[in-house]
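Coordinate analysis (summary)
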Amino acid sequence: MRTFLFLFVVLFLLAPARNAFFDEKCFKLNGRCVNSCRKNEELVALCQKSLKCCLTLQPCWESKDD
């Protein structure tokens, strides 16, 4: 019974971390598939299950091309 209780508590506490870790990725693994984009994100593609592929906007001074 203790083992069952321990496993239940561990799985219950790790559920939010597991969901964030296994989120569906898109746009060369830089974007994420969600229902709606945040203020600092732009819609770059569409995912399966009618989700939107959102990519975080980068300010000009933090360009990756440098």
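The name given to the protein in an unreviewed UniProt entry is Beta-defensin, with the source organism recorded as Callorhinus ursinus. Under the UniProt heading Subcellular location (unreviewed entry), the note attached to the protein is "Secreted".

Focus: the environment of leucine 51
Tracing the chain through its elements places leucine 51 in the loop between strand S3 (41-46) and strand S4 (52-56). When its relative accessible area of 18% is taken as the criterion, leucine 51 is described as buried. Taking the C-alpha atoms as reference points, leucine 51 and serine 36, separated by 15 residues in sequence, lie 7.7 Å from one another. If we skip the residues at most four places from it in the chain, leucine 51 touches Cys33, Val34, Asn35 and Leu46.

Rules behind the numbers
- Residues numbered from 1 in each chain as written.
- Predicted model: local features only at pLDDT ≥ 70, side-chain atom pairs only at ≥ 80, totals over all residues.
- Heavy atoms only, no water.
- UniProt positions renumbered as here; feature names shortened; annotations may be inferred.
- Helix = DSSP H or I, 4+ residues; strand = E, 2+ residues; numbered from the N terminus.
- Buried < 20%, exposed > 50% of the residue type's maximum accessible area, 1.4 Å probe, protein only.
- Contact = heavy atoms within 4.5 Å.

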